[in-house]
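Commentary on secondary and tertiary structure
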Amino acid sequence: MNRLCDTHVHVFDPSRFPYVPLRKFTPGTANVQQLQKHLKTIDADSVVLVQPSVYGTDHRCLLNALGILGPKARGIAVIDQTTCPNEIKLLNQSGVVGARINMVVNQQESSKFALTAIQHLESSMPNHWHIQLHVNLNTLDTLADHIAKSSRHFVLDHLGLPDVTSGLDNQHWQLLLDILRTGKIYVKVSAPYLSSARLNVYEDLKPFIESLIHTNDERVLWGTNWPHTKGTQRQAATSLTQIEKFRNEDDAQWRDKCVAWSMQHQEQLTFRNAHSLYFK
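Presented here is an overview of the structure given in this document. Here the residue numbering is sequential within each chain, running from 1 through the sequence in written order. At least 70 in pLDDT is required for a residue's local features to be given in this predicted model, at least 80 for side-chain atom pairs to be given and counted, and no such filter applies to totals for whole chains, interfaces and linings, which use all residues. Where side-chain values are given, they derive from all heavy atoms of the structure, hydrogens and water being excluded.

Another aspect to go through is the overall build of the chain. Only DSSP runs of H or I with at least four residues qualify as helices, and only runs of E with at least two residues qualify as strands; both kinds are numbered from the N terminus onward. Helix and strand counts for the chain stand at nine helices and ten strands. Computed over the C-alpha atoms, the radius of gyration of the chain is 17 Å, within 12% of the 19 Å expected from 2.2 N^0.38 for a compact globule of 280 residues. Projected onto its principal axes, the C-alpha coordinates of the chain cover approximately 45 × 40 × 40 Å. For the charge count, each Lys or Arg is scored as positive and each Asp or Glu as negative, with His and the chain ends excluded. Charge positions are represented by NZ for Lys, CZ for Arg, CG for Asp and CD for Glu. In the chain, the 28 positive side-chain charges and the 26 negative ones have mean positions that sit 6 Å from each other. Here the globule rule is a power law, 2.2 Å times the number of residues to the power 0.38, and the radius of gyration is based on C-alpha atoms.

Right under this line is the structure:
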């Protein structure tokens, strides 16, 4: 097995770092020690921690985890108009290399909102940071022109949540491939259960992943989305007093499937592209 980087995990440690009041759900504990066990299970030697929505712009949990994991870890922050320059400087010094816009958790599909958020990030974050988008392909369509003109690189979470039943010829998927050809966007092959109609098998994602690799094998990234929150399958009226259980996912099986599907491109998918983007 070649070297492996898991480019999409979250850390939840509410006993030490309480969640923000304004959130959509309340996950259980998945702390940095549990993350280390996950990385050992899948034989990953590096990792990218993504700031989860339940922490808002409070990065104490993320910074703590980055400090424990050291040079093998990088972080993705969430910043807004309230984030001061000194905090951005601290995040940058601690291994953060990008900022995320999450429109899926809040079920926000306004392209105007997304564009405003992108423009704020472009003007406030370090020049070498990239912008990570957790949006569906419909929203991505409306951002394509701005992405093409931006000086930043972009990363799209979880394959862009494609409608797999519509096939590869779907106009939204084809536009994603067009953007991918330009090299301006990376696509994360992660959280398969958010798109697949064949749970725990995910074979219906194979042609989508193959099309990404064949379009631009230097712009695909592999990840898990550990510890696997409900995501798009969460009920809107979830009570915040209810602890949401994590999904039971076989991340080693997901790794093995993606390695098989990517064939001679596996090292780029699982390691090389990630280190070029996150660890350069």
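Two strands are counted as paired when DSSP detects at least two bridges linking them. If you walk across this open sheet you meet the eight strands as β1-β3-β4-β5-β6-β7-β8-β9, and the pairing is parallel. For this open sheet the edge positions go to β1 (5-9) and β9 (220-222), each flanked by a neighbour on one side alone. Going from strand to strand, the sheet's axes swing by 25° on average, the running direction of each strand aside. Taken together, the three bridges between strand β6 (residues 130-134) and strand β7 (residues 154-156) define a ladder with parallel strand orientation. Looking across to β7, one finds that Gln132 is bridged to Val155. Each axis is a line fitted through C-alpha atoms, taken for helices only over the stretch in contact, and angles between the N-to-C directions span 0 to 180 degrees.

Think of it this way: a Phe, Tyr or Trp ring, Trp meaning its six-membered ring, pairs with another when their centres are within 6.5 Å, and the plane angle makes it stacked under 30 degrees, edge-to-face over 60, tilted otherwise. Taken as a whole and assessed by the stated rule, the structure comprises six aromatic pairs. A ring pair is formed by Phe12 and Tyr19, whose centres lie 6.3 Å apart and whose planes are at 85°; its orientation type is edge-to-face. Relative accessibility under 20% of the residue-type maximum defines a buried residue, over 50% an exposed one, and the middle range a partly exposed one, all with a 1.4 Å probe and only protein chains included. A residue is classified by how much of its surface remains accessible, and Phe12, at 1% relative accessible area, is buried. Both rings, one in Trp173 and one in Phe208, keep their centres 5.0 Å apart while their planes meet at 80°; by these two values the pair is edge-to-face. Of this pair, Trp173 sits in helix α6 (residues 171-182) while Phe208 sits in helix α7 (residues 206-215), and the two are 35 residues apart along the sequence. Of the two residues, Trp173 and Phe208, neither departs from the other in class, the shared state being buried. Cluster of aromatic residues (ring-pair linked, three or more members): Phe12, Tyr19, Tyr55 and Phe246.

This part is about helix α9 (residues 266-278). For a helix, the expected span equals 1.5 Å multiplied by the number of residues minus one. The first and last C-alpha atoms of α9 sit 18 Å apart over 13 residues, in line with the 18 Å expected at 1.5 Å per residue. Note on bend: the value at a residue is the angle between axes fitted to the seven residues ending there and to the seven starting there. Along α9, the helix axis deviates most sharply at Arg272, where the bend reaches about 40°. Buried within α9 are the following residues: Gln266, Gln268, Leu269, Thr270, Phe271, Asn273, Ala274, Leu277 and Tyr278.

All right, on to the pattern of salt bridges then. Just to be clear on terms, a salt bridge is a Lys or Arg side-chain nitrogen sitting within 4 Å of an Asp or Glu carboxyl oxygen. Under the defined criterion, the tally for this structure stands at eleven salt bridges. With a shortest N-O distance of 3.8 Å, Asp43 and Arg255 are connected by a salt bridge. Of this pair, Asp43 sits in the loop between α1 (32-41) and β3 (46-50) while Arg255 sits in helix α8 (residues 251-262); the two residues are 212 residues apart in sequence, bridging distant segments of the chain. We classify Arg255 as buried; its relative accessible area is 10%. With a closest N to O distance of 4.0 Å, Lys206 and Glu210 form a salt bridge. Residue Lys206 and its partner Glu210 are both found in helix α7; the two are separated by four residues, about one turn of the helix. Classification of Lys206 by relative accessible area gives partly exposed; the value is 32%.

Moving on, we get to the packing of α6 against α7. The geometry of α6 relative to α7 is characterised by a closest axis approach of 9 Å and an angle of 30° between their N-to-C directions. Taken together, the axis directions place α6 and α7 in an arrangement best described as roughly parallel. When you trace α6 past α7, the crossing you get is right-handed. Contact residues: α6 offers Trp173, Leu176, Leu177, Leu180 and Arg181, while α7 offers Phe208, Ser211, Leu212 and Thr215. Tallied by class, residues from the contact of α6 with α7 come to six nonpolar, two polar and one charged. Under this scheme an angle from 65 to 115 degrees is roughly perpendicular, one under 35 degrees roughly parallel, and one over 145 degrees roughly antiparallel; angles in between are oblique. Throughout, a crossing is termed right-handed when the near helix is turned clockwise from the far one, and left-handed when it is turned anticlockwise from it by less than a right angle. When checking whether two residues touch, look at their non-hydrogen atoms; a contact exists if any pair is within 4.5 Å. Gly is put with the polar residues, along with every residue not named as nonpolar or charged; the nonpolar set is Ala, Val, Leu, Ile, Met, Phe, Trp, Tyr, Cys and Pro, and the charged set is Asp, Glu, Lys and Arg.

Shape descriptors only; they carry no functional weight alone.
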